[in-house]
Amino acid sequence: MDMNTNAAVPALSYSRRIEDLPGPAGHPFVGNALQLSGRQMHLRLTGWVREFGPMFRLNVFGNPMVIVSDATTVNNVLRERPEGFRRSGGLKTIMNDLNIGGVFTAEGETWRKQRKLVMAGLNAEVIRNFFPTMVVMTERMLERWKTALADGKPVDLRRDLKAMALDTIVGIAMGHDIDAVNDDGNPLQRNIDNMFQRLGQRTTASFHYWKYFKLPVDREAEQSSMEIEQAVTEFIDNTRARMKQQAQLQAKPGNMLEAMIAASDNPESDFTDEELVSNAILSVIGGEDTTANSIAWMLILLARNPAAAAALTAEVDAVLGEATLVRDWDMMKQFPYLEAAHSEAQRLRAVAPYIGMVSNADCVVGDTFIPRNTAVIVSTAGEGLDETQFPQHEQYRPERWIFEHRPPKEEDPSRKLFPFGGGARLCPGRFLALTEIKIVVSMIMRHFELEADADAPPAKQVLNFFMAPSSVPVRLKLRRPG
Ligand code: HEM
């Protein structure tokens, strides 16, 4: 992609301007703004991708917005960051207002610095050191479910998967075990739920009323944000004190916070405490619903597709042998079908379906001239919902991701979608998320059969900031004793 940042650069070459792109008709003054609000606006965008193709335009209060889903162009745009594109300003303001910033909303040199900090906290060694704790947390959830079923009580998958994801991310990001799985009234869980409620509502609202007046829910979210910051600051103080006593933790950090503190305590680093706090909060927010929703969608799709569930169960049984759940780190590499089941779930139900950006300079995207400061939204589903790329694309078929030999570039499905984004801002939590997904889903398939629950409300796709199922209509049935 060509970028034009100053007049000395040769003229950009393009064949279309934004006005030439197809797009839906809008209303006077507001354009398409009203159609772009609401908890299912991602589905409207996806519908427009079908109608108008891989690149189309919208108009939001007179400002153009370009939507891109062609995989090559999406990849190019993602890779042009941070220089070529910045994150959407609206999202940044909404997140920063709720005290959620850190690396996600940072740009330029500040981003580069914070990215280093977060990457130090989420590298493979840190995750590996944390792996035994994740196994214990998963086992705890298994025991809770077995007890519930033995008592004839249903398992609340939606609630428990969120609590499990929170336990994991607080464990790795703060070095603290809050056991939200067994604590219904956990204050951190309540505060994070409040934040997501506000984030979801504000990012899908057409009128930003909170800029002018605050409702009780807004004040409640501010209170939650303050309490989260207090909790995180306390975790950081405790960890710093522990690290002073145990010098070996500097060299071999057991969790993300220890790794970030070790990086920020390095005399050559210039990380501030504020950056440490904001990135620790961001990780907790970024790591909970993403992973929990991904597992929930996998279970929903598997329950509807017994053949896929059976194939996954067979793989899990073969890998685990007599073990009740994954205990050995080396087993993590032995779940190709589970990985495929996850990729296929992200293709059909991306939990972060679109990434919003703004161009930093005049440039060409695909074949279209994009002026500086234009909003460009890329679909993380990319070509994943394109019938020509994924025949019978509505069907959940993990087999699409299984190959005896690595396919050539143009046939490789992993190059056609971007569930974790791409380029230099690729999600730094993906390895942690995949580790948790493998431990939890393999445990579930080992011990339970998934039954589609016809009496439960259907799982609608809802944007609660991340895209969540409105319900998880899946019943767990114990497979085998013990
Ligand atoms: C299945 C789970 C997850 C999905 C689908 C997901 C998806 C994404 C996506 C699409 C982005 C935007 C990337 C881009 O702009 O190119 C992102 C960024 C990010 N994610 Fe994740 N994520 C997941 C789990 C996590 C976890 C567990 C963490 C926490 C530790 C995390 C932390 C972050 C951070 C800090 C960023 C910002 C990176 C930057 O701007 O440099 N994510 N994620």
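Residues numbered from 1 in each chain as written. Predicted model: local features only at pLDDT ≥ 70, side-chain atom pairs only at ≥ 80, totals over all residues. Heavy atoms only, no water.

**What to know about the site of the ligand**
Here is step 1 of the chain: Taken together, 28 residues form the shell around the ligand, and within it Arg81, Arg87, Trp111, Arg115 and Cys427 come nearest.
Here is step 2 of the chain: At 2.6 Å, a side-chain N or O of Arg81 approaches an oxygen atom of the ligand.
Here is step 3 of the chain: One nitrogen or oxygen atom from the side chain of Arg425 is found 3.0 Å from an oxygen atom belonging to the ligand.
Here is step 4 of the chain: Among the elements of the structure, helix H4 (102–105), helix H5 (108–121) and helix H12 (273–304) are those that each provide at least two residues to the shell around the ligand. (Near = heavy atom within 4 Å. Polar contact = N/O pair within 3.5 Å; in protein donor to acceptor, adjacent residues only side chain to side chain. Helix = DSSP H or I, 4+ residues; strand = E, 2+ residues; numbered from the N terminus.)

**Considerations on a nonpolar patch on the surface**
Here is step 1 of the chain: Taken together, the side chains of Phe207, Tyr212, Phe213, Leu215 and Val217 present a nonpolar region at the surface, about 520 Å² in accessible area.
Here is step 2 of the chain: Assignment of secondary structure puts Tyr212 in the loop between helix H8 (187–203) and helix H9 (216–245).
Here is step 3 of the chain: Of the residues examined, Tyr212 reaches a relative accessible area of 63% and is grouped as exposed. (Patch = residues over 30% accessible without salt bridge, like charges linked within 9 Å, V, L, I, M, F, W, Y side chains within 5 Å. Areas by Shrake-Rupley, 256 points an atom, 1.4 Å probe, with all protein chains shown as cover. Salt bridge = Lys/Arg side-chain N within 4 Å of Asp/Glu carboxyl O. Buried < 20%, exposed > 50% of the residue type's maximum accessible area, 1.4 Å probe, protein only.)

**Some remarks on the packing of helix H13 (residues 306–320) against helix H15 (residues 430–447)**
Here is step 1 of the chain: Orientation of H13 relative to H15, taken along the N-to-C sense of each, is 100°, at an axis distance of 9 Å. Here H15 runs roughly perpendicular to H13, going by the angle between their axes. Along the contact surface, H13 presents Ala309, Leu312, Thr313, Val316, Asp317 and Leu320, while H15 presents Val441, Ser442, Met445 and Arg446.
Here is step 2 of the chain: Split by residue class, the contact of H13 with H15 holds six nonpolar, two polar and two charged. (Axes fitted to C-alpha atoms, helices over the stretch in contact; angles between N-to-C directions. Parallel < 35°, antiparallel > 145°, perpendicular 65-115°, else oblique. Contact = heavy atoms within 4.5 Å. Nonpolar A, V, L, I, M, F, W, Y, C, P; charged D, E, K, R; others polar.)

**Comments concerning the coordination of the iron atom of the ligand**
In a perfect tetrahedron of four donors around a metal, the angles come out at 109.5 degrees. In a perfect octahedron of six, they are 90 or 180 degrees.
Here is step 1 of the chain: Donation to the iron atom of the ligand from the protein comes from one atom only, Cys427 (SG), at 2.3 Å.
Here is step 2 of the chain: Position of Cys427 among the secondary structure elements: in the loop between strand S9 (375–379) and H15. (Donors = N, O, S within 2.8 Å, 3.2 Å for Na, K, Ca; no water.)

**Remarks on the domain arrangement of the protein chain**
Here is step 1 of the chain: For the protein chain, the domain assignment lists domain 1 (1–98 + 353–420) and domain 2 (102–348 + 425–482).
Here is step 2 of the chain: Summing both sides of the interface, domain 1 and domain 2 together bury roughly 3,900 Å²; the carbon and sulfur share of this comes to 65%.
Here is step 3 of the chain: Three residues stand out in domain 1 for area buried against domain 2, namely Arg39, Tyr396 and Phe420, and they jointly supply 25% of the buried area on that side.
Here is step 4 of the chain: The interface formed by domain 1 and domain 2 holds two salt bridges in total.
Here is step 5 of the chain: Arg400 is the salt-bridge partner of Glu344, the closest N and O atoms lying 2.9 Å from each other.
Here is step 6 of the chain: Here domain 1 is connected to domain 2 by 20 residue pairs in polar contact (both at pLDDT 80 or more). (Domains from an automatic or database assignment. Buried area = accessible area lost by both parts, 1.4 Å probe.)

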